[in-house]
Amino acid sequence: MAPPTVVIEKDGAVPVIDVHVGQAQLGTYFVFLWKPKAELVRSGHNDDEFEDRFPVAASVSEVDGRQLSWQIAIQGSGDPNETYHARVMITQGSTTVFMVTYPKTPGEKLNGAKLIVEAVRFQAS
Amino acid sequence: MRRVGPLLTLVVLIPFVLSPVPAAAQATTDAGAARPVNADLSVPESPAFAILGLTPQTVVRPSNTQELAASLLSGVDRHGNFQSGLALDFAPYPLLYGDAVTLGQYQRNPDGFNPTRFLWRLQTSAATAKGASTEDKSIRLSLGVRLTPWDLGDPRLDSSTINPARRGVIDCYKDVAKAVTGVPIDPGDPTAIAEADKRLKAGSQTCREEAAKYLWNNSSFSFGAAPTWISTDGTADNLESNGGGVWASVGYGFENIPGLENTAHFILHAKYHADERVPDTKARGQFLTQDTTTLGARLRLLMTDRFNLSAEGSWIHEDRARRSTSESARIAVSAEYRLASGVWIEFSVGGEGGRRDGNNQAFALGTVKWGTSNEPSIK
């Protein structure tokens, strides 16, 4: 299935991605920009001193027509009834151009750990 | 005494109203594994049950927070009356605001006070118990709260960035996550995603099982309080105050002592219950008011993956209205056996002696516990 298209302003600021993993669970993420081969934009954890919000490229033209993917590993207690929460938000300047929260199915359990892999494709206009 | 039935009914319902899990779904939600690995020593004692005096052991151990847990009890209490009860435990902060809390926010100031971690570990509970004998037809209710300000066994803090001397479960998690997600996965390939998810789950489970072997008995401190109510005739219309109680437990995990470090847990416990109404053993159907102080100790030993033993001794001082005070000693030995993942059966036998009224009792309580825990498998 083709990833959703995110329309951004070609004269606007570079898109910024924000990865949030809640429920005090360990979140590990890798963000890739496909050119078309995947290149790592940044990786990180939600327990370190580094902000989990960062630009996805150096310029808008660099992302135009390209796919941005994120791979998030969420690891919890192992309780089969444990819930989880993650959110990926992409902004351009002060405008939120894309946002998704997980789980997409309300009440879905973590089952010890969960891998999220999704992407969007940018279109500058 | 002032009747509080309608108010109490409302308060008891609050957990169900606030919980994001529909009440009708809680029975199945609670039925999950509490501690599915070998170091599981069953779900924590309910704070509300503890004040009602209906945990099989007198000594309540400090333990970790559970988002949702249920305990059923059926047996004979230490006054010799048959009791059946239900307790629902929940942690309001994770349930209501957990989505906003990152692991980093939870870990801040690991050796000091962190309001986020403090609130996360706040456990509340509501418990009911009903007597089923002719001497005791009462219904007792309790609302409990428990805080765990210090816990060396908290897996969320088990990281080399916090304790450089130990490679913890968080470090293990990171290694697994990097191995699985460090290479790009085609977002349009569900088979590849499913395979990677499977490897992530398996690797994470291994991390938890390894950590459980050394975290389950680490030292910690908990304290709690609970007001209680009673209806001596078992009718909801006659609910009245049954006083209240406070308790504290400190656990010692024999850290850095070879042989005991990962197999033994020693607990000291103190409890005080004021203005408690108890069945009068000398006047059938009558109740008297007493203040009860309990001091106790408990030793837990991890025997096998499925079988654990604990022994406890306690001293109980009962100060009764219009009666002489009573002091007694109580001993109990408990065994718990894991029937299935997160489901434990627990059986306690014991007795007490030294009571001035001569009402020394042998008692037996059996419980089946099940529950959910946010950090169970690495305790």
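Since this is a predicted model, take the numbers as computed values, not measurements.

Trainee: Please explain the overall build of chain B as it appears in this structure.
Mentor: The helix and strand inventory of chain B stands at eight helices and 12 strands. Expressed as a percentage of its 379 residues, the buried residues of chain B come to 55%. Long-range pairs, those at least 24 residues apart, make up 65% of the contacts in chain B between residues at least 6 apart in sequence. As displayed, chain B offers around 15300 Å² of accessible surface, 62% of which is attributable to carbon and sulfur atoms.

Trainee: In this structure, what is going on with the sheet that holds strand β8 (residues 95-102) of chain A? I would like to understand it.
Mentor: Whether parallel or antiparallel, the strands of a sheet pair through hydrogen bonds between backbone atoms. All names here are of chain A. Strands sit in the order β5-β2-β7-β8 across an open sheet of four strands; the sheet is antiparallel. This sheet does not close on itself; its edge strands, each paired only once, are β5 (53-55) and β8. Within the sheet, the average angular offset between the axes of one strand and its neighbour, ignoring direction, is 15°. Relative to strand β7 (residues 86-92), strand β2 (residues 16-21) is paired through six bridges, and the arrangement is antiparallel. Bridged to Asp-18 within β7 is Met-89.

Trainee: Sorry, what's going on with the pattern of salt bridges here?
Mentor: Side chains carrying opposite charge are able to pair once their charged atoms draw close together. Residues and elements named next belong to chain B. Applying the stated criterion across every chain, the model contains 13 salt bridges over all chains. Taking the shortest distance from any N to any O, the salt bridge between Glu-240 and Arg-277 comes out at 2.6 Å. Linking Glu-240 in strand β6 (residues 240-252) with Arg-277 in strand β7 (residues 264-279), this pair joins segments that are 37 residues apart in sequence. The exposure class of Glu-240 is buried, given its relative accessible area of 16%.

Trainee: Looking at this model, I keep getting lost on the pairing of strand β4 (residues 139-151) of chain B. Mind explaining?
Mentor: Within a regular beta strand, the side chains point alternately toward one face of the sheet and then the other, so they alternate between its two faces. All names here are of chain B. Where strand β3 (residues 123-131) meets β4, eight bridges bridge the pair, whose relative direction is antiparallel. In the sheet register, Ala-126 faces β4, and the bridge partner there is Leu-143. Sheet topology note: the β4/strand β5 (residues 220-231) ladder contains nine bridges and is antiparallel. By the bridge assignment, Leu-141 is partnered in β5 with Trp-229.

Trainee: For this particular structure, what's the right way to read the sheet that holds strand β9 (residues 113-124) of chain A?
Mentor: All names here are of chain A. One open sheet holds the five strands; their spatial order is β1-β9-β6-β3-β4, and the pairing between them is mixed. Bordering the open sheet on either side are β1 (5-8) and β4 (38-45), each of which pairs with just one other strand. Each strand of the sheet is rotated relative to its neighbour by a mean of 25°, with strand direction disregarded. Judged from the seven bridges that link them, strand β3 (residues 26-34) and β4 form a sheet pairing that is antiparallel.

Trainee: How should the packing of aromatic side chains be read in this particular structure?
Mentor: To describe a pair of aromatic rings, you give the distance between the ring centres and the angle between the ring planes. Residues and elements named next belong to chain A. By the definition in use, this model includes nine aromatic pairs over all chains. Between the aromatic rings of Tyr-29 and Phe-54, the centroid separation amounts to 6.0 Å while the plane-to-plane angle is 15°, which identifies the pairing as stacked. Here Tyr-29 is found in strand β3, whereas its partner Phe-54 is found in strand β5, with 25 residues between them in sequence. For Tyr-29, a relative accessible area of 3% gives the class buried.

Trainee: Explain a nonpolar patch on the surface to me, please; I cannot follow it from the model alone.
Mentor: Residues and elements named next belong to chain B. On the surface, Leu-299, Leu-301, Met-303, Phe-307, Tyr-337, Leu-339 and Ile-345 cluster together into a nonpolar patch covering about 580 Å² of accessible area. With respect to the element layout, Leu-301 can be found in strand β8 (residues 287-302). On the basis of relative accessible area, Leu-301 is assigned to the partly exposed category, the value being 31%.

Trainee: Honestly, the environment of B:Glu255 in this entry has me stumped. Any pointers?
Mentor: Residues and elements named next belong to chain B. For Glu-255, the location among the structural elements is in the loop between β6 and β7. Distance from Glu-255 to Leu-119, taken between C-alpha atoms, is 27 Å for residues 136 residues apart in sequence. Excluding residues within four positions of it along the chain, Glu-255 makes contact with Leu-152, Asn-218, Ser-219 and Glu-261.

Trainee: What exactly am I supposed to notice about the side chain of B:Ser249 here?
Mentor: With respect to the helices, strands and loops of the structure, B:Ser249 is situated in strand β6. Within polar-contact distance, the side chain of B:Ser249 engages the side chain of B:His269 at 2.7 Å.

Reading the values: the criteria
- Residues numbered from 1 in each chain as written.
- Chains lettered and ligands numbered in written order.
- Predicted model: local features only at pLDDT ≥ 70, side-chain atom pairs only at ≥ 80, totals over all residues.
- Heavy atoms only, no water.
- Helix = DSSP H or I, 4+ residues; strand = E, 2+ residues; numbered from the N terminus.
- Buried < 20%, exposed > 50% of the residue type's maximum accessible area, 1.4 Å probe, protein only.
- Contact = heavy atoms within 4.5 Å.
- Areas by Shrake-Rupley, 256 points an atom, 1.4 Å probe, with all protein chains shown as cover.
- Pairing = 2+ DSSP bridges.
- Axes fitted to C-alpha atoms, helices over the stretch in contact; angles between N-to-C directions.
- Salt bridge = Lys/Arg side-chain N within 4 Å of Asp/Glu carboxyl O.
- Phe/Tyr/Trp six-rings, centres within 6.5 Å; stacked < 30°, edge-to-face > 60°.
- Patch = residues over 30% accessible without salt bridge, like charges linked within 9 Å, V, L, I, M, F, W, Y side chains within 5 Å.
- Polar contact = N/O pair within 3.5 Å; in protein donor to acceptor, adjacent residues only side chain to side chain.

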